[in-house]
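# A structural walkthrough
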Amino acid sequence: MFTLENKTAVITGAAKGIGQAIARLFSRQGADVHILDLDDENGQRTANEIVSAGYSARFHSANVANQREIFDLFTQIFNENKRFNILVNNAGVAAIGKLDETTEEDFDRVMTVNVKGCYNCALAAVSLMKQNGGGVILNMASIVSTMGIADRFAYSTSKGAVLSMTYSIARDYLDENIRCNAISPARVHTPFVDGYLKQHYPGREKEMFEVLSKTQPIGRMGQPDEIAALALYLCSDEAGFITGSNFPIDGGFTTLKK
Ligand SMILES: NC(=O)c1ccc[n+]([C@@H]2O[C@H](COP(=O)([O-])OP(=O)(O)OC[C@H]3O[C@@H](n4cnc5c(N)ncnc54)[C@H](O)[C@@H]3O)[C@@H](O)[C@H]2O)c1
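Small disclaimer: the values here were computed from a predicted structure and weren't measured.

Under the criterion given, the structure shown has eleven salt bridges. Between Glu-210 and Lys-214 there is a salt bridge, with its nearest N and O atoms 3.5 Å apart. Remark: Lys-214 and Glu-210 occur in helix 7 (residues 205-214); sequence separation between them is four residues, near one turn of the helix. Here Lys-214 falls in the partly exposed class, since its relative accessible area comes to 44%.

Structure, rendered in structure tokens:
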């Protein structure tokens, strides 16, 4: 079960964190993995590690916010592999602050990467997926897509759009055999979280790590591998009946009272 043999998968933001775990797992399951990221060093290192372990991966330095760049890259991947089966829209950035603490610059930055980036990649992917008879798009949303979390105005707005986009794409491409779903994690321990703690709680990183861990009723943060396992299921043929769905993976955050 859950094989990705003979499938080409593009994973954005896969140089580290959740995307990196997805790239590693998808390659082990047989996919030709294409890692797309702005972080050349970690992206290339991740691809090298995968290839050294005997699986297939390539790194591409690209910005999801640049439509021309994404179209050219996806077309090149399709032409070289003669297929384009899976897109994981995972690249994302955050901003901290309420509405009246969010600058126009921060708002534009978050929306450009998180929303326009998903749009650019999905747009480039659907025409190629149509040519190979279908495909799967998986969008990385968040628990903030469906609930209010303090001090996350721009980020929440962007992830709400990612979830709505998921439903819209799933509806419009039913006849093309393109499935589209979203994953909504609560806090997952990645460089994203470590960077946040370093920037906002210098010297108190350990203490605040514990505080953030306890905000999940289960008592800890998620691990990137746990998100990757759900991503694998949703992108596999075993999930063929699933489209237009959102999957919280949150240690009980959205449903359990502590
Ligand atoms: N970590 C969490 O707690 C958490 C929770 C819910 C949702 N998410 C979402 O999961 C996704 C991955 O999060 P993570 O924690 O692994 O983040 P991360 O910061 O560890 O990794 C994100 C990657 O995206 C890349 N990236 C950023 N902007 C890009 C761009 N314009 N073009 C190409 N690549 C770009 C970065 O270089 C980085 O390698 C994000 O969309 C995030 O919003 C994370």
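A word on the site of the ligand. The environment of the ligand is formed by 29 residues, the closest being Asp-37, Asn-90, Tyr-155, Val-188 and Thr-190. At 2.5 Å, a side-chain N or O of Tyr-155 approaches an oxygen atom of the ligand. The contact in question runs from an oxygen atom of the ligand to an N or O atom on the backbone of Phe-192, over 3.4 Å. Look at the ligand: alone it shows 840 Å² of surface, and the protein chains cover 93% of it. Put simply, the parts of the chain that give the shell around the ligand at least two residues each are helix 1 (17-28), helix 5 (153-172) and helix 6 (191-200). Of the residues forming the shell around the ligand, the biggest block, three residues, is contributed by helix 6. For the shell around the ligand, a count of residues per class yields 17 nonpolar, seven polar and five charged. Here the shell around the ligand gathers at least three residues from each of two domains, domain 1 (8-186 + 225-249) and domain 2 (187-221).

Here we come to the pairing of strand 2 (residues 32-37). Where burial is concerned, most of strand 2 is hidden: six out of the six residues are buried. By the alternation rule, side chains of strand 2 split into Asp-32, His-34 and Leu-36 and Val-33, Ile-35 and Asp-37, which are all buried. Pairing of strand 1 (residues 8-12) with strand 2 involves five bridges; the strand directions are parallel. For Thr-12, the partnering residue across the bridge sits in strand 2 and is Leu-36. Viewed along the sheet, the connection from strand 1 through helix 1 into strand 2 turns out right-handed. With helix 2 (residues 40-52) bridging strand 2 and its parallel neighbour strand 3 (residues 57-61), the resulting β-α-β unit is right-handed.

Time to look at the pairing of strand 5 (residues 135-140). Burial of strand 5 is extensive: six of the six residues sit out of reach of the surface. In terms of strand pairing, strand 4 (residues 86-89) meets strand 5 through four bridges, oriented parallel. Across the sheet, residue Leu-87 finds its bridge partner in strand 5, namely Ile-137. For the crossover that starts at strand 4, traverses helix 4 (residues 104-131) and ends in the parallel strand 5, the hand is right-handed. Pairing between strand 5 and strand 6 (residues 178-185): six bridges, direction parallel. Bridge pairing in strand 6 links Asn-139 to Ala-182. For the crossover from strand 5 across helix 5 to strand 6, the handedness is right-handed.

It is worth spelling out helix 1 at this point. End to end, helix 1 covers 17 Å across twelve residues, agreeing with the expected 16 Å (1.5 Å per residue, within 8%). The buried count for helix 1 comes to ten of twelve residues, which makes it a mostly enclosed element. Residues Gly-17, Ile-18, Gly-19, Gln-20, Ala-21, Ile-22, Ala-23, Leu-25, Phe-26 and Ser-27 constitute the buried set of helix 1. Two residues or fewer past helix 1, Gly-30 is found with a positive phi of approximately 105°.

Once that is clear, we can look at unusual backbone geometry. The phi dihedral of Phe-2 falls on the positive side, at around 60°, and the residue is not glycine. Structurally, the position occupied by Phe-2 is in the segment before strand 1. Here Asn-177, not a glycine, exhibits a phi torsion of approximately 65°, which is positive. Residue position: Asn-177 is located in the loop between helix 5 and strand 6.

The rules behind each value
Residues numbered from 1 in each chain as written. Predicted model: local features only at pLDDT ≥ 70, side-chain atom pairs only at ≥ 80, totals over all residues. Heavy atoms only, no water. Salt bridge = Lys/Arg side-chain N within 4 Å of Asp/Glu carboxyl O. Helix = DSSP H or I, 4+ residues; strand = E, 2+ residues; numbered from the N terminus. Buried < 20%, exposed > 50% of the residue type's maximum accessible area, 1.4 Å probe, protein only. Near = heavy atom within 4 Å. Polar contact = N/O pair within 3.5 Å; in protein donor to acceptor, adjacent residues only side chain to side chain. Areas by Shrake-Rupley, 256 points an atom, 1.4 Å probe, with all protein chains shown as cover. Nonpolar A, V, L, I, M, F, W, Y, C, P; charged D, E, K, R; others polar. Domains from an automatic or database assignment. Pairing = 2+ DSSP bridges. Right-handed = clockwise from strand over helix to strand, strands pointing away. Expected span 1.5 Å × (residues − 1).

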